[in-house]
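# Fold and geometry: a report
Given next are the chains, with one letter for each unit.
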Amino acid sequence: MSSYFYKSIVQICYGLVLLLNVSRLPQLSSAEDSSAYTFEANKIAVIGTGYVGLVLGAGLAEWGHQVICADILQEKITSLQNGELPFYEADLDVWVNANLSAKRLRFTTNIDEAVQNSDIIFVTVSTPSKSDGSADLFALESVAKTIAKNINGQKIVCIKSTVPIGTTRRIQTLIAENMNQNKFSCDVTFNPEFLREGSALADFIKTDRLVIGGDNPSAVKVIADIFHRLLSANTTLINTDLESAEAIKYASNAYLATKISFINEFANLCDVTGADIDTVAYGLGLDPRIGSAFLKPGPGYGGSCLPKDTLGLVYQAKELKVDLKIVQATIDANDAQINRVIIKLKQLLGEDLNNKKIAVLGLAFKANTDDIRCSPALTIIAQLLAENVHVTAYDPMAMNNMQKVLSGLDCCSSIDAATAGTDAVIVLTDWEEIKSLDLSRLRQLMKTPILIDTRNLYDPQKLDQLGFLFSNSGRPIKKH
Ligand code: UGA
């Protein structure tokens, strides 16, 4: 009876916490909360050294924590131990090297040791798409079992990998079931990451929201405290249940993808009506209910997150017999947008691409990264190669990655080298170097001046004056 009474009180208190938990500054320091965890939460493990894990590990070390970054890939860890990054992200090497030298950051393949020597364990392993679109949770589950076996004291696990709704609760059970020593308990929390590749450090330092899901307010408070610098800089804290935290992440990426597909389709309408998508997006975005971000048309969204998470979300919803028509339409519109690039090319160059020489400028899925995962360039170049085109390419950072997967591609050391003597040029990534290229020179170098500017990098009037035959995304030539 007394344990039932106690449980009810705890449940009511927790319900109240949930009701009152959306606040600008965390107010979680009740006596009960602070007594629950005795450690200082200074010893942190980050398991998985991809974008999220490495930025998090280096960032937390930069804030003064002792951080162990662990990964099963020996080659990656050896490079990181030498201060070499496995991918390009501006200035991340500075954080990594400074904190390696200060001995606040270290890298290991020994996940057992990383778990044993840490109070907080962030899990940042990838959750890629399986061929059916569902999220592959193999890495997450195996890390959870490893964590369970190495729990040797009070610890909090915080999952940052993007996961289907309900996963963290399953992981919590998996850890409890696999623990060798049941004298310890282990709270599992979920803290979605919102940083973007290409601006990851800036996003780490300044974010608009910090979302933490968890059953135990004390554990949530410990995680919130780790990010206290964000909270004093006007970040909104949302403490919530595990499922809502997971759903916020899926909803965010699905909504962003939807905004892009929406503006891409509108740009397609502008193509045939003479309306200007830049003006339309400006007018649309001024409505604060809509907002101006993510209204730039392009060749279709790519990267390691939006394509994967929209697919994963639709898959989960289908399993649960919920029809997410809008997200499915977003995915379909994106596939169509990528295919439209070749359709536009053929409208200008003719249907037969056999033996043509075509340059692709920009291979990364967006500027300021060398990441080519789900880049529209992959699909577009593969199709050109299949139609026997000699494809030349230039990208300031992503050529090595692209050559590993598309061997028929002729990567060049400069924009000039890639575009000389070409029948057409397709611009796919908004790198500053590509945006600021000399259009007159490009016109002279090309065999025929056909340009597909999928990112609207160039002034249509100027392209027209220079004699280009071109197509962009919804920006007509202004007739005065
Ligand atoms: C995305 C989200 O923006 C992040 O908030 C999130 O943390 C991350 O996924 C993740 O889940 O880890 P990211 O994949 O780095 O970040 O790239 P975005 O900046 O979102 O761009 C995605 C794609 O949309 C790119 O191909 C980009 O070129 C395209 N895009 C973006 C447009 O075509 N138009 C726009 O207006 C914006």
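Residues numbered from 1 in each chain as written. Predicted model: local features only at pLDDT ≥ 70, side-chain atom pairs only at ≥ 80, totals over all residues. Heavy atoms only, no water.

### Considering the site of the ligand
Every one of the 19 residues lining the ligand counts as a neighbour, but Leu195, Glu197, Lys249, Lys296 and Arg455 are closest to it. Between Lys249 and the ligand, the recorded distance is 2.7 Å, taken from a side-chain N or O atom to an oxygen atom. In the environment of the ligand, an oxygen atom lies 2.7 Å from a nitrogen or oxygen atom belonging to the side chain of Arg455. The fraction of the free accessible surface of the ligand (710 Å²) that becomes covered by protein chains is 91%. Its residues assigned to classes, the shell around the ligand comprises ten nonpolar, two polar and seven charged. (Near = heavy atom within 4 Å. Polar contact = N/O pair within 3.5 Å; in protein donor to acceptor, adjacent residues only side chain to side chain. Areas by Shrake-Rupley, 256 points an atom, 1.4 Å probe, with all protein chains shown as cover. Nonpolar A, V, L, I, M, F, W, Y, C, P; charged D, E, K, R; others polar.)

### Considerations on the pairing of strand 11 (residues 390-394)
Counting buried positions along strand 11 yields four of five residues, so the element is predominantly enclosed. You can see the chain leave strand 10 (residues 357-361), run along helix 16 (residues 376-386) and come back into strand 11, and the turn it takes is right-handed. The pairing of strand 11 with strand 12 (residues 410-411) spans two bridges and is classified as parallel. Counterpart to Ala393 in the pairing with strand 12 is Cys411. Traced from strand 11 through helix 17 (residues 399-405) to strand 12, the parallel crossover comes out right-handed. (Buried < 20%, exposed > 50% of the residue type's maximum accessible area, 1.4 Å probe, protein only. Helix = DSSP H or I, 4+ residues; strand = E, 2+ residues; numbered from the N terminus. Right-handed = clockwise from strand over helix to strand, strands pointing away. Pairing = 2+ DSSP bridges.)

### Digging into empty space enclosed by the protein
Using the criterion set out here, one finds three cavities of 30 Å³ or more in the structure. In this model, the largest cavity occupies a volume close to 60 Å³. What lines the largest cavity is Gly298, Pro299, Gln337, Arg340, Val341, Lys344, Ile452, Asp453, Thr454, Ser471, Asn472 and Ser473. For the lining of the largest cavity, the elements supplying multiple residues, two or more each, are helix 15 (325-349), strand 14 (450-453) and strand 15 (469-472). The element contributing the most residues to the lining of the largest cavity is helix 15, with four residues. When the residues that make up the lining of the largest cavity are grouped by side-chain class, the tally is three nonpolar, six polar and three charged. (1 Å grid on protein atoms, 1.4 Å probe; cavity = no way out; pocket = protein on both sides within 12 Å on 5 of 7 lines; lining within 4 Å. Points joined across faces, edges and corners; volume = space filled by probe spheres on them.)

### Thoughts on helix 3 (residues 51-62)
An ideal rise of 1.5 Å per residue puts 16 Å on twelve residues; helix 3 measures up with 16 Å between its terminal C-alpha atoms. Among the twelve residues that make up helix 3, ten are buried, leaving the element largely enclosed by the rest of the structure. Downstream of helix 3 by one or two residues, Gly64 has phi in the positive range, about 105°. (Expected span 1.5 Å × (residues − 1).)

### Some remarks on the packing of helix 3 against helix 5 (residues 92-101)
Where helix 3 contacts helix 5, the two axes come as close as 9 Å, and the packing angle between them is 50°. Relative to helix 5, the element helix 3 lies oblique. Seen along the crossing, helix 3 lies across helix 5 with a hand that is left-handed. Each of Leu54, Val55, Ala58, Gly59, Ala61 and Glu62 in helix 3 lies in contact with helix 5, whose residues at this interface are Leu92, Trp95, Val96 and Asn99. Across the contact of helix 3 with helix 5, the residue classes break down as seven nonpolar, two polar and one charged. (Axes fitted to C-alpha atoms, helices over the stretch in contact; angles between N-to-C directions. Parallel < 35°, antiparallel > 145°, perpendicular 65-115°, else oblique. Left-handed = near helix turned anticlockwise from the far one by under 90°. Contact = heavy atoms within 4.5 Å.)

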